[in-house]
Amino acid sequence: EDSKISDLIVRSQDHNEMEILSLSQILAVKDYIQNNCSQNSVKSLIPLCFNNNQEISQIVLKLIAENIKDIEVYLKLIESGLPRLEETAKNYFLSLEPTDDEYYSTILILCDSPFDDVQVFGLDLIKKNISYLPRSSLLKSLAETKNKIIQEYVAHELKNMLLNKK
C-alpha cells in the first residue's frame, strides 16, 4: 500500500524539477524506478538522471545504457556538462559500429553541437574511424558548420589532400 502511494506521489511530480533531499524520497523514487523500468517507460525516467541525487542518477543512467538506443538522448547526456552523464553518452557513441548506416549522421550531429568538447569528441571518432567514412562527402558536410574547431579540421584536411596530390 505504501509503495502504491509513493509511486503515485513520484509519478505526479515533474521529474525535471524534482529535488531529492531525504532518505524517504530516495526510497520512494527507487521504488518508482523499479516499478517503471520496462523498456517503454525508461524514456519517462530520463530527467531523473539529471537529478541532484547521485544514486538515483546512476540507477537511471544504467537503465538508459541498457534500454535506450536514441541518439538524441545521448546527445543531451553528452552536452549536459555532467561527468557521469557524459561518460554514459561517450560509451554509447564508442560502442557504435562505424559500418552502420547511422554512424555517419551521428558523427555529423556530434560535430554540429554548440559545445566544443562534444565537437572534439566527434572529431576524435572521425579520426579513429576515417577509413569507414566517405571522406569527401564528410568534409563537404563538415564545411557547412560555423563551429571554429570543425572549420579548422576541414581546412587542415583539405590542405593535406592538396599537398598529397602534388
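Located above this text is the structure these notes cover.
Residues numbered from 1 in each chain as written. Predicted model: local features only at pLDDT ≥ 70, side-chain atom pairs only at ≥ 80, totals over all residues. Heavy atoms only, no water.

## Notes on helix H6 (residues 83–95)
Step number 1: Here H6 contains 13 residues, and its C-alpha end-to-end distance of 18 Å stays within 8% of the 18 Å for a straight helix at 1.5 Å per residue.
Step number 2: Among all positions of H6, only Leu-85, Glu-86, Thr-88, Ala-89, Tyr-92 and Phe-93 are buried. Within H6, the buried residues cover an arc of 160 degrees as seen down the axis, which keeps them to one side. Turned more than 90 degrees away from the buried face of H6, the exposed residues are Pro-83 and Glu-87.
Step number 3: Of the surrounding secondary structure, the elements contacted by the buried residues of H6 are helix H4 (54–67), helix H5 (71–78), helix H7 (101–111) and helix H8 (116–129). (Helix = DSSP H or I, 4+ residues; strand = E, 2+ residues; numbered from the N terminus. Expected span 1.5 Å × (residues − 1). Buried < 20%, exposed > 50% of the residue type's maximum accessible area, 1.4 Å probe, protein only. Arc of directions from axis to C-beta. Contact = heavy atoms within 4.5 Å.)

## Quick look at H4
Step number 1: Between the first and last C-alpha of H4 there are 20 Å, a value that for 14 residues agrees with the 20 Å anticipated at 1.5 Å per step.
Step number 2: When we look at burial in H4, the residues that qualify are Ile-56, Ser-57, Val-60, Leu-61, Leu-63 and Ile-64. End-on view of H4: buried residues confined to an arc of 160 degrees, all on one side of the axis. Away from its buried face, by an angle of more than 90 degrees, H4 presents the exposed residues Gln-54 and Lys-62.

## Regarding the side chain of Glu-86
Step number 1: By secondary structure assignment, the location of Glu-86 is in helix H6.
Step number 2: We note that Glu-86 is buried and unpaired, the nearest opposite charge coming from Lys-90 at a distance of 5.0 Å.
Step number 3: Setting aside residues no more than four positions away along its own chain, Glu-86 makes contact with Leu-77, Ile-78, Ser-80, Gly-81 and Asp-117. (Lys, Arg positive; Asp, Glu negative; His and termini not counted. Salt bridge = Lys/Arg side-chain N within 4 Å of Asp/Glu carboxyl O.)

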